[in-house]
Amino acid sequence: MVVSVVVGDGDRRAVFSGFIGAGESVIKMIGFGLAIAVLFDGLERIDTQDCEAYLAHRRYILDKNDVVVGEQSHGTRRSAAQVVVDLVNYRELFTTDRVAADLRPWGGATASAVAEMPSGRTQNKTTPVEDDVLQPMLAAALFLVSTLGPHAVELARQVREADRLSSRKTEGLGVGGSAPVAEFAELLDEYRRTCTALPMLAEHHVTDRLADGWSPKDPLLPVATGVLARQIGVSQFWARWMPRLRGPLENAVAAVGVKEVFGRDAVEITAVDASSLLPWTMPLHRLEAVALVGIVRTAAIIVLATVSGMRASELMELRIGCRKTPEEPVPGLHRYRLASKVVKGQPLGGTDDEWVVIEPVYRAAELAEDLHDDRKDGAPLFGRFAFTVRYRWFKNWVNSPAGQRLGFTEIPDGQVNLRMLRRTLALEMAYRPGGVLASKIHLKHVAVATTEGYASRPGGAQAELLAEVNKHESDRNLDLVLAEFRNYQEGILPAGPGARSLTEFFASIDEKLEPTAASAPKIQRSDRDVLNLLTKRAKTLHIGPANYCWFTDPSRALCLKLAGTPTADRPLVGMCDSARCPQATHHPCHRPVWAEHAERTKTFLGGLGKTRKTEHARLQNDHDRALRVVAEIDAVALDQLDEDSV
């Protein structure tokens, strides 16, 4: 339907003509145009201040005294902004009078942005763990699981054995009996024969003794006499026994000394920074030993949550026996699975599910089983736990003298919970294939395991995690393509074999955005409109370690030609030779990687002997290629500097 509207007469006539196909928005736009054409004596007189004044008039609710008493809804504000935006976007529809060509109300923002409309899509508002918190936390957890874990298992066994011995009872020894001198003499002889120090009392019990009148110089002040009593089968050491037992006890203290019960003669390990060998733990009291075992168990939870992406409910549903027997589909390659339940969104009782995980996660679950007090199949592996409390204990221990002795980096303050860890994994897999998490865990293996889990059960929990990763990956690609397009507009061009093709694509997009070159009446200006034009190319982007791969034509992909799979639908990034592939580009962000590679190759070349000619030729070609890529990136940057100086 074609609409032609004439306003005024003579020199004040304004004619509006155009197609009504956009519904209510265009009708409102023309109605608004008729009104302001008469008010301002023509549309071309409208400026940005007029648009701001109109939006302010429509934004607020006024009382009868023109006092602001509230704001209109987002929808009302959006409708008001939309008619102004449409006057600009559809200015070619107005044949006689139109807004100025340089009018850009609100900086070209969309009506939704101007009205501050909340997003209609469900957004994940969970923030990831900060990098400066994630790095030391994950490093400490992995070290505790891999290095301290086996020793913690032995420590837990010693605590259980000590508790079992302490709970035994001996006939004839009780509250009313006299001092068991013979039994104590036999026990103390055993300590002297084995050169074992007497058990030491915890600090808070020493404080209690001092408050009860014990002398600070008493040699028996730090002796855990209650532990000795329980070792002979008595529930406690009675004060009236002390006169008869003091002599033998003091002789034993003089002979073997006093020391904490657990962690004596600890095995030496390599410190975190590999700078020295030191005992894996200092001697501990019982409560300290129990606490250390709990810290190692928390480390296992952190590894499981951070690297598998399991939710809190799924971790709590893990049970003894959850580790499936590793499969070996190819000799030397293993597939690890954990069995649990999905609770979220499932019927009462949850639904059985399995997670395909990498070996560090599998070993963390194995360690948690070994630390368990009840190894009966089906018993909850962790049960219900408060992760924030456990994490606080974990952080405090890492930052304490005990943790710093091993060389851990202090964990700074910052919120960490299981939701944030799952979110962090998804973002790391999508945005930073070489980021903080990848520095401690082979991220490619995590991605492969997650994909396998999706393939084995498309409706399972890992499928949901993979979908979240794919969504973030799509957003990442759009952000990168938009950033490179903006760089192109600023004159910062890519390098590499695929640079020309990418530059031509950006030029075609830029032409569509140019008002004088646009063939359609609607002009695209906002980032959202630009992203719509870039979306198709963003789907072809794959991130390499030192390049961007624009996988637009599989038949031209060098990696697929080398692998003999020209019909594959994804590039083989691990086989990428970006210096020769016609679909690869290099950007300023890739220069440090190539420069470092050139420097390392040069070092290796200097260390080769004269007889290793084949290896020397290969490394020389690799070095020359790296220098050539660096030179190309620098040449593009230099051209930009020359243009800016002109």
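Cut-off values and rules
Residues numbered from 1 in each chain as written. Predicted model: local features only at pLDDT ≥ 70, side-chain atom pairs only at ≥ 80, totals over all residues. Heavy atoms only, no water. Pairing = 2+ DSSP bridges. Helix = DSSP H or I, 4+ residues; strand = E, 2+ residues; numbered from the N terminus. Axes fitted to C-alpha atoms, helices over the stretch in contact; angles between N-to-C directions. Parallel < 35°, antiparallel > 145°, perpendicular 65-115°, else oblique. Left-handed = near helix turned anticlockwise from the far one by under 90°. Contact = heavy atoms within 4.5 Å. Nonpolar A, V, L, I, M, F, W, Y, C, P; charged D, E, K, R; others polar. Salt bridge = Lys/Arg side-chain N within 4 Å of Asp/Glu carboxyl O. Buried < 20%, exposed > 50% of the residue type's maximum accessible area, 1.4 Å probe, protein only. Phe/Tyr/Trp six-rings, centres within 6.5 Å; stacked < 30°, edge-to-face > 60°. pLDDT = per-residue confidence, 0-100. Patch = residues over 30% accessible without salt bridge, like charges linked within 9 Å, V, L, I, M, F, W, Y side chains within 5 Å. Areas by Shrake-Rupley, 256 points an atom, 1.4 Å probe, with all protein chains shown as cover. Expected span 1.5 Å × (residues − 1). Polar contact = N/O pair within 3.5 Å; in protein donor to acceptor, adjacent residues only side chain to side chain. Arc of directions from axis to C-beta.

Quick look at the sheet that holds strand β11 (residues 351-357)
Stage number 1. If you walk across this open sheet you meet the three strands as β9-β10-β11, and the pairing is antiparallel. Two strands in the sheet have a free side with no partner beyond their single neighbour: β9 (327-330) and β11. Here the average twist between neighbouring strands, direction ignored, is 35°.
Stage number 2. Where strand β10 (residues 333-342) lies against β11, seven bridges are found, and the strand directions are antiparallel. Looking at β11, one finds that S340 is bridged to D353.

Details of the pairing of strand β4 (residues 68-71)
Stage number 1. Relative to β4, strand β3 (residues 60-62) runs antiparallel, the two being bridged by three bridges. Residue pairing for β4: L62 is matched across the bridge by V68.
Stage number 2. Between β3 and β4, which pair antiparallel one after the other, the connecting turn spans five residues, and D66 there sits at a positive phi close to 60°.

Structural notes on the packing of helix α2 (residues 48-59) against helix α3 (residues 74-89)
Stage number 1. Interhelical geometry of α2 versus α3 gives an angle of 155° and a closest axis separation of 9 Å. Here α2 is positioned roughly antiparallel relative to α3, judged by the angle of their axes. For the crossing formed where α2 meets α3, the hand is right-handed. Residues C51, Y54, L55, R58 and R59 of α2 pack against T76, R77, A80, A81, V83 and V84 of α3.
Stage number 2. In terms of residue class, the contact of α2 with α3 is made up of seven nonpolar, one polar and three charged.

Some thoughts on the side chain of H587
Stage number 1. Tracing the backbone shows H587 in the loop between β14 (584-585) and α21 (591-607).
Stage number 2. Those residues in contact with H587, other than ones at most four positions away along the chain, are E484, P494, L502, Y548 and I633.

Some details on unusual backbone geometry
Stage number 1. Of note, C195 is a non-glycine position whose phi angle comes to about 55°, a positive value.
Stage number 2. Looking at the element boundaries, C195 is found in the loop between α6 (181-193) and β5 (198-199).
Stage number 3. Positive phi values are uncommon outside glycine, yet A274 reaches one of about 60°.
Stage number 4. Here A274 is to be found in the loop between β7 (268-270) and β8 (277-279).

Re the pattern of salt bridges
Stage number 1. Counted according to the given criterion, the structure contains 30 salt bridges.
Stage number 2. Between R286 and D163 there is a salt bridge; the shortest N-O distance is 2.8 Å. With R286 in helix α10 (residues 286-308) and D163 in helix α5 (residues 131-166), the pair connects residues that are 123 residues apart, well separated along the chain.
Stage number 3. Of the charged contacts, one joins E327 and R335 as a salt bridge, the two residues approaching to 3.2 Å between their closest N and O atoms.
Stage number 4. Given the relative accessible area of 22%, R335 is considered partly exposed.
Stage number 5. The structure contains a network of salt bridges with shared partners spanning R59, E71, R77 and E116.

Regarding the packing of aromatic side chains
Stage number 1. The tally for this structure, following the rule as stated, stands at 12 aromatic pairs.
Stage number 2. For the pair F485 and F506, a centre-to-centre distance of 5.6 Å together with 65° between the ring planes defines the contact as edge-to-face. Separated by 21 residues along the polypeptide, F485 in helix α17 (residues 461-489) and F506 in helix α18 (residues 499-513) bring together distant segments of the chain.
Stage number 3. You can call F506 buried: its relative accessible area is 1%.

Digging into the packing of α10 against helix α15 (residues 418-431)
Stage number 1. Viewed as axis vectors pointing N to C, α10 and α15 meet at an angle of 40°, and their least axial separation amounts to 7 Å. Looking at the two axes, α10 sits oblique to α15. When α10 is examined against α15, the residues A305, T306, V307 and S308 are found in contact with a partner set consisting of L418, L421 and L425.
Stage number 2. Tallied by class, the residues present in the contact of α10 with α15 amount to five nonpolar, two polar and no charged.

Observations concerning the confidence of the model for the chain
Stage number 1. Here the chain shows a mean pLDDT of 81. Residues at 70 or above account for 82%.
Stage number 2. Mean pLDDT per element in the chain: strand β2 (residues 14-19) is the minimum at 38, and helix α13 (residues 387-399) is the maximum at 96.
Stage number 3. Contacts from residues 1-27, a stretch scored under 50 in pLDDT, to residues over four places away or in other chains number 52 contacts.
Stage number 4. Within the model, the stretch residues 517-524 combines pLDDT values under 50 with 14 contacts to residues more than four positions away or in other chains.

Structural notes on a nonpolar patch on the surface
Stage number 1. Taken together, the side chains of Y60, L62 and V68 present a nonpolar region at the surface, about 250 Å² in accessible area.
Stage number 2. You can see V68 is positioned in strand β4.

Looking at the sheet that holds strand β12 (residues 541-543)
Stage number 1. Overall, antiparallel pairing links the three strands, which are arranged β12-β13-β14 in an open sheet. Two strands in the sheet have a free side with no partner beyond their single neighbour: β12 and β14.
Stage number 2. Against the sheet, α17 contacts β12 and β13 (548-550), and its axis sits at roughly 100° relative to β12.

Details of α15
Stage number 1. In this model, α15 (14 residues) spans 20 Å end to end at C-alpha, consistent with the 20 Å of a helix rising 1.5 Å per residue.
Stage number 2. Among the 14 residues of α15, 12 are classified as buried, and the element is accordingly described as predominantly covered.
Stage number 3. All buried positions along α15 are accounted for by L418, M420, L421, R422, R423, T424, L425, A426, L427, E428, M429 and A430.
Stage number 4. You can read the cap of α15 off the contacts: a side-chain oxygen lies 3.1 Å from the backbone nitrogen of R419, and it is on N417.

Observations regarding the side chain of T281
Stage number 1. Assignment of secondary structure puts T281 in the loop between β8 and α10.
Stage number 2. Relative accessible area serves as the criterion here: at 7%, T281 is assigned to the buried category.
Stage number 3. Discounting chain neighbours no more than four positions away, the residues touching T281 are G263, A266, L292 and R405.

Brief notes about α6
Stage number 1. In this model, α6 (13 residues) spans 18 Å end to end at C-alpha, consistent with the 18 Å of a helix rising 1.5 Å per residue.
Stage number 2. Listed as buried for α6 are F184, L187, L188 and Y191. With its buried residues spanning 95° around the axis, α6 presents them on a single face. Facing away from the buried side of α6 by more than 90 degrees, the exposed set consists of A182, E186 and R193.
Stage number 3. For α6, the secondary structure elements touched by its buried residues are β5, α8 (225-231) and α9 (242-256).
Stage number 4. Within two residues after α6, C195 carries a phi angle of roughly 55°, on the positive side.

Description of the environment of D377
Stage number 1. Along the chain, the position of D377 falls in the loop between α12 (359-370) and α13.
Stage number 2. D377 sits in the exposed class, given a relative accessible area of 64%.
Stage number 3. Along the chain, D377 and G321 lie 56 residues apart, while their C-alpha atoms are 5.6 Å from each other.
Stage number 4. In this structure D377 touches I320 and G321, once residues within four positions along its chain are discounted.

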